Structures are given as structure tokens and as C-alpha cells.
Amino acid sequence: MEPPRGEARQEGLIEFYGSFREMFEFFCKNTTIHGTIRLVCSSSNRMKTAFWTLLLLASFGMLYWQFGLMFRQFWAYPVVLTMSMHSEPKMFPAVTVCNLHPYRFELVSEHLEQLDQMAAESITFLYGINASAWLFRVNASKIHGNNRKIHGNNEKTRNKDGKIHENDRKIHENDRKIRIKDRKIRVNARKIRRSDRKIQESDRKIQESDRKIQDSDRKIQESDRKIHAQTLAKLNSSGFKLSHNFSLLRVSDLRAGRKHSSVGFRLCNSTGGNCFYKTFSSGMDAILEWYRFHYMNIMSQLPAIINISQHEEPIEDVVYSCQYNGEPCRPSDYDHFHHPVFGSCYTLNSKGTDPFWTATKPGIPYGLSLILRAEQKEHIPLLSTAAGVKVMIHSHNQTPFLEHEGFHIRPGIATTIGIQQDEVNRLGGNYGKCTTNGAGVAVELLYNSSYTLQACLHSCFQRWMLRECGCGYSRYPLPAGRARHCDYGAHPAWGHCFYQLYRRLRSHRLDCFQQCPKPCRESLYKVSAGTAKWPSAKSQDWVLQALRHQNGYNSSSSRKELAKVSIFYRQLRSQALHEAPLLSENLLLSSMGSQWSLWFGSSVLSVLEVLELLADALVLALLCCFRRLRATGRPPAPESSGERQEEPREGQQGAQGSGMGLPRHPELELEGFGSSRELGRE
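Residues numbered from 1 in each chain as written. Predicted model: local features only at pLDDT ≥ 70, side-chain atom pairs only at ≥ 80, totals over all residues. Heavy atoms only, no water.

Engineer: Help me understand the overall build of the chain, please; the structure alone is not making it clear to me.
Structural biologist: Scanning the chain for helices and strands turns up 17 helices and 20 strands. Burial analysis of the chain (682 residues in total) assigns 39% to the buried set. Intrachain contacts of the chain at a sequence separation of at least 6 include 74% that bridge at least 24 residues. Accessible area for the chain stands at about 41,000 Å²; split by element, carbon and sulfur atoms hold 54% of it. (Helix = DSSP H or I, 4+ residues; strand = E, 2+ residues; numbered from the N terminus. Buried < 20%, exposed > 50% of the residue type's maximum accessible area, 1.4 Å probe, protein only. Contact = heavy atoms within 4.5 Å. Areas by Shrake-Rupley, 256 points an atom, 1.4 Å probe, with all protein chains shown as cover.)

Engineer: What exactly am I supposed to notice about the nonpolar core here?
Structural biologist: Taken as a class, soluble globular proteins show a tendency for nonpolar side chains to be buried jointly. Trp-290, Tyr-291, Tyr-295, Phe-461, Met-465, Trp-494 and Leu-501 are the most contacted members of the largest nonpolar core, which totals 63 residues. Looking at this core element by element, the count peaks at 9 residues for helix 8 (residues 283-299). Excluding anything up to four places from it in sequence, Tyr-295 contacts Pro-102, Tyr-103, Leu-112, Leu-115, Pro-340, Ile-380 and Leu-383. With 30 residues, the next largest nonpolar core counts Ala-374, Ile-393, Ile-409 and Ala-563 among its residues. (Core = buried A, V, L, I, M, F, W, Y, C linked by side-chain atoms within 4.5 Å.)

Engineer: What am I meant to see in helix 8 here?
Structural biologist: Three or four residues apart is the spacing at which side chains of an α-helix point the same way, because the helix has 3.6 residues per turn. Between its terminal C-alpha atoms helix 8 stretches 24 Å, which fits the 24 Å expected from 17 residues at 1.5 Å a residue. Counting buried residues in helix 8 gives 13 out of 17 residues, a clear majority hidden from the surface. (Expected span 1.5 Å × (residues − 1).)

Engineer: Sorry, what's going on with the packing of helix 3 (residues 46-75) against helix 13 (residues 585-600) here?
Structural biologist: When two helices pack together, their arrangement is captured by the angle between the axes and the distance separating the axes. In the contact formed by helix 3 and helix 13, the axes pass within 10 Å of each other and the chain directions differ by 165°. Put simply, helix 3 runs roughly antiparallel to helix 13. Where helix 3 crosses over helix 13, the two elements pack in a sense that is right-handed. Mapping the contact onto sequence places Leu-56, Ser-59, Phe-60, Met-62, Leu-63, Tyr-64, Gln-66, Phe-67, Met-70, Phe-71 and Phe-74 in helix 3 and Glu-585, Leu-588, Ser-591, Met-592, Gln-595, Trp-596, Trp-599 and Phe-600 in helix 13. Considered class by class, the residues forming the contact of helix 3 with helix 13 number 14 nonpolar, 4 polar and 1 charged. (Axes fitted to C-alpha atoms, helices over the stretch in contact; angles between N-to-C directions. Parallel < 35°, antiparallel > 145°, perpendicular 65-115°, else oblique. Left-handed = near helix turned anticlockwise from the far one by under 90°. Nonpolar A, V, L, I, M, F, W, Y, C, P; charged D, E, K, R; others polar.)

Engineer: What is the right way to look at the pattern of salt bridges in this model?
Structural biologist: In total, this model carries 8 salt bridges according to the counting rule given. Across the salt bridge formed by Asp-333 and Arg-330, the nearest N and O atoms sit 3.1 Å from each other. The salt bridge involving Arg-330 is made with Asp-354; its shortest N-O contact spans 2.2 Å. In this pair, Arg-330 sits in the loop between strand 8 (327-328) and strand 9 (334-339) while Asp-354 sits in the loop between strand 10 (343-348) and strand 11 (358-359), placing the two residues 24 residues apart along the sequence. Since its relative accessible area comes to 29%, Arg-330 is described here as partly exposed. (Salt bridge = Lys/Arg side-chain N within 4 Å of Asp/Glu carboxyl O.)

Engineer: Explanation requested: the state of the cysteines in the structure shown.
Structural biologist: One covalent bond between the sulfur atoms of two cysteine residues makes up a disulfide. All chains considered together, the criterion is met by 8 disulfides. Put simply, Cys-98 and Cys-345 are joined by a disulfide, and their sulfur atoms are 1.9 Å apart. Looking along the S-S bond of the Cys-98-Cys-345 disulfide, the torsion reads about 115°, which is the right-handed sense. Here Cys-98 is found in strand 3 (residues 94-98), whereas its partner Cys-345 is found in strand 10, with 247 residues between them in sequence. One disulfide bridge connects Cys-456 with Cys-516, the sulfur atoms lying 2.1 Å from each other. Given an S-S torsion of about -75°, the disulfide between Cys-456 and Cys-516 has left-handed geometry. (Disulfide = S-S within 2.5 Å.)

Engineer: Which parts of the structure should I look at to understand the side chain of His-396?
Structural biologist: Tracing the sequence through the fold places His-396 in the loop between strand 13 (389-394) and strand 14 (407-409). Within the structure, His-396 has its side chain in polar contact with the backbone oxygen of Phe-92 (distance 2.6 Å). The contact partners of His-396, leaving out residues within four places of it in the chain, are Met-91, Phe-92, Pro-93, Ala-94, Asn-349, Ser-350, Lys-351, Gly-352 and Ser-450. (Polar contact = N/O pair within 3.5 Å; in protein donor to acceptor, adjacent residues only side chain to side chain.)

Engineer: I'm lost on helix 10 (residues 494-506) in this one. Help?
Structural biologist: For helix 10, which comprises 13 residues, the first-to-last C-alpha distance of 18 Å matches the rise-based estimate of 18 Å (1.5 Å per residue) to within 8%. The set of residues buried in helix 10 consists of Trp-494, Gly-495, His-496, Cys-497, Phe-498, Tyr-499, Leu-501 and Leu-505. With its phi angle positive at about 60°, His-508 sits one or two positions after the end of helix 10.

In C-alpha cells:
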């Protein structure tokens, strides 16, 4: 039974659209997106409807094109550097000083002399210079210098004996004066004789202690001779000999129609089928590299035989004076190590945990002041052409790689070095590859220090050497195990393998740069230097005299064997560089909202309205498909007359009376996608 026409339809608990047209009209009339209502209100004018439809589609296209650009930039993870300044007391950096005097070990002195002879012959062959006499004179002076060191202790002992005899002479002189006075005052004479007996007793004790010291020195010398004989026998039994297969040659080639000459040496693999020339445009560089190549082969014999640190000179012979913040440095402030090229090295404030090294004021008086020995008497001229002292300023608990960083201090010069600290903080993750204290790095460090990029690269290269060449480079430490350093006695083709690997490393064809990220946080030190002649001509005499009395400085060649260095903070204010995301999640959402408002003048709720429209369209489409499936599976109903049966079925009438929304779109309603009001009329 049809309800009265004037009576309003009762709304159900769940209402839904009867057709896609009704759903779209409702959305356009009620949404908060600007411009959509023009699609409905101008439906009578098809030109306007088409025009606004194109405008809305173009706006959607521009909006999502901008969204695409934003997401592409976001997924590129760009960063921006932000700089901040802060001023506070800070720890003074670590300072490494090397004297450029590699130790000439007595065990391999014969091999070093042979190498010098080979170098002299090569220089004569290349340039016609007779360098033998000069090199031998240098070696002779070095040998005499070593002999002076060996007999230094004996000279000191004789000086002690001379002082003791001098004291005895003075005592006897006093005794004579006392005996003269004894004639006048006999009571005092007895007291003086008793004091003489005590002095003589103390003299006997001193002489006894001197005899014990001499006996212990003789025992130490005997043990040293035994150790020397044993190690020398081991060295001779190893069969190591200098190879003459790596001679220096002059190589000529044609470039751009002109003849170019270079100097180098030939390296081959184990079979001799693959060879190349390690050449240099500068003959000086070629000679130095050739000498270092042979020198590394000689020095590779030492780590398994001798402890290098036991043969180094004391710190007083390298650093004559050390003061920080006006206070003298302490022996515990030094850490010693030996470098095969730069010689004896000492690192000050290596750990950075002592409050003594806290910098509270900027300026030269509050920094580090050093007077260094820069003598060249024991210098190996073909190992390094520089004269003076090597200095490097670096972070604490960090291995100093002097071949890559640092600077030379010229002898006879006072150098002032002002430093400024910069801190770099990297983001890591998607914004870049970095590591915190070496975490997540596949390369195991071979250095007992904190993580640095150079330490990781050296460790990675050493493992490539062990894998490809079967031995390790002698300048880098070895991993635990049976690995040994390379020498052409045991590995004749290691030079060919080493230079090929090093060429691949420099051209980034090894995976070391991929496996070794930069630290996420590191400190960098900017330096600025100034120099002046030191000591001056007027102050030279008394400065050298003061050093002679204080440090036993006995050089006769004025200021050319001294160097003064002052290292200080220019200012305690440091700058920190932080990486920050150029487009963070919050900024991305804000930019997307700005674009949405620009093109549609709406908000986040408008986006939800669009999502609701899509969900309703999906549900309506599913219901339509469901109706069609049911219609295809049911047989057609018989017709009693030519008129269409418009009376609703019993199930539909009951549903309309109950107000439920879903019976508004039965089979007859969805067939022509008409509205519920049209299909409800009789």
C-alpha cells in the first residue's frame, strides 16, 4: 500500500545512495572543496560544466604533480648544514712530534750500507753524479755518532769517578787545614778526625756501590752481546738479500709528438708474464720511492727479531723543553712510537683525560711551548729530503698518520701555530653513510685506537694485501695469526701486487671506500702559522749556553739544530656544523597542505571527504555487481498483461515501512541507476 504523497518519508538508520548520480550531486553540493558545486549548479549549461570540469581536472593534475616533486625531493634525503657557535673551556688536542731520524739498526746495518751503495750507483748511472763518497761520509759520521752514544755511558761513569776523586782531594785539603788547627785546639781535632772517619766510611760505601753498578753493567752488556749474536744468527739464517732486479731505469715515450722522459723501476708478477714500470716524471721522486721500497723490505725483518722501542733515544734528546700553560710537562704526558720513515715520535696528551691539559684561556702564554732537537747527523738522506721536525695536531686516542697529515718545522725558526676547533656532526641513516665509534663497519680495525677514516682504509687495504699478495705491508699492523710482512726474499712479486692494489685503491676500484664510512662526529683543527728567526744573533749565545747546562746540549753548530714551536688556541670559541634534513616529515606535510589549499582552498577534512566519496563509490559498485549476478541466475517472471507491474513486492514494502536504507536499491532500482523517489512512484 503506497503512503500518502504529502507525508514525509521516514529516514532509516542506515541510508545510502540510490545511484551514482545522486551520490555525485550530494558530494558536489556539500563538500568543502572549492569549485565542485559549479558542476551541479551549471548543469543546464553544458559549456560551463565542461569548463569547470577541465579546471578541476587541471587543478588535480597540478596538485599531484607538485606532490610528486615533493616526494622525489624527500626520498632523495637532502641535507642542509647549520652552524652554531659556543665558547667554553675545552681539552687541548693531542700533538705528535717526530724527529725525522729513522733508527739505523745495527742488525741490518750491513743491508743498509749495501742499499746506500746501490743508490749511489743508480744516481751515478742516471745523472753522472759520484754520490758514493758523500753517502759513505754520511754513513761514517752516522756510525761515529752511534759509537759516541755507545761510549756515552762509560764517559758519564768516568765523569762520576772524576767527581769522586775531586771530592776526595777537597777532603784531604780540609784535613790538612784541620791538622794545622789541631795544634792549637786539640779537642776540636779529635772531633774532626771522627768526622773524617765517617766521611771515609761513606766513601768506601760509594765505591762499593760503584763496583756493583759496574758489575751489573758488565752483565747487561754480556746479555746484550748474546742477544745480538742470537738475533744476528737468525737474520743470517733467514737468507734475506737485497735484490738487484728492481734497478732504476730511464723510460722515454712520445706524447703529442714530443719525447718525454721519466724515471722508474720495473715490477713483475710471480710468473714474469705481467710487468709494468712504476715511473715518475721527477727523478727525485723516483729515487725516493725506489729507496723506500728496498728500505721496507729491510725493515720487514725487524718486528719478529727486535723490539724497536728499546733502541730509541730518550725524550730529553728530542724535546729539550716542554711547557703547557706556564707549567713544565710531565713524563707521563708522552706516548712513544717509532715510524719507519719519520723516526722517533712522541704524542703529548694522547688520551685527553688529564685535567692538566684543559684550556681555559686563548693565547700563546696559555698554550704548548716546545724546544725541539732538529739535528741531521744521523739523517738518512735518501729516505726523506726534509730536514727539521714533523708535527701533527689531531684528536685524542687517534692514530696519527703522518704520511697523510701534519707539517714540517724548519730548524732555526720559531713557529707559532694558532688552532681553531670545528666539530662536524653527520646525520647518517638515509641521509648519508656514517658510523659512531666504528659500529656497523664490516672492516675490523688493526689499530688500537678510536675509529677514523684513515685507520679503516689502512686496515681494509692490509686485508686486501693479505688476500691478494699473501703478506702484509710493513707500514701497517698485521691481524692476529700467522700473517707476516712482505719482503722480496719470501715474496718476490709482492711489489707488483702492492702497487697494483694501491692504484685500484686510489681510483676507488677497491671496496674500501664503500666499506669505510666517515665518522658521524669528528673534530677538525684549522691551523694558521707564523715564523721568525730563533734564536736571534744577539740572544743566540746565552740561549745555547742555557741549553748546555740544562739538557747537556753540546752542539757546536749554532741554531741550525734547534727549533721552537708554540701551539695555542686562537680563541676558545668553536663552531659546530650540524647536518639537518632539508625536507623533514613535518615540512613535507606542511608543504602538501599548502599546495592543497592553493589549488582547492580546503583542508585535511576535505581529503577525508574525497576518501569517503571513493569508499561510497566502491560500495555502490559492489552492490551493483551483486544485483547483476543475482539477476543472471534467476528465471524471468511471467507477465499477466502488457502493463509493467509497478506494485512493490512484499519484502520491499516491509523494508520501506521499517525505514532501512539497503532496500532502497533492489533489483528494479539499480537497473537504470535512477533515484529512489523515481522508482517509488506508482
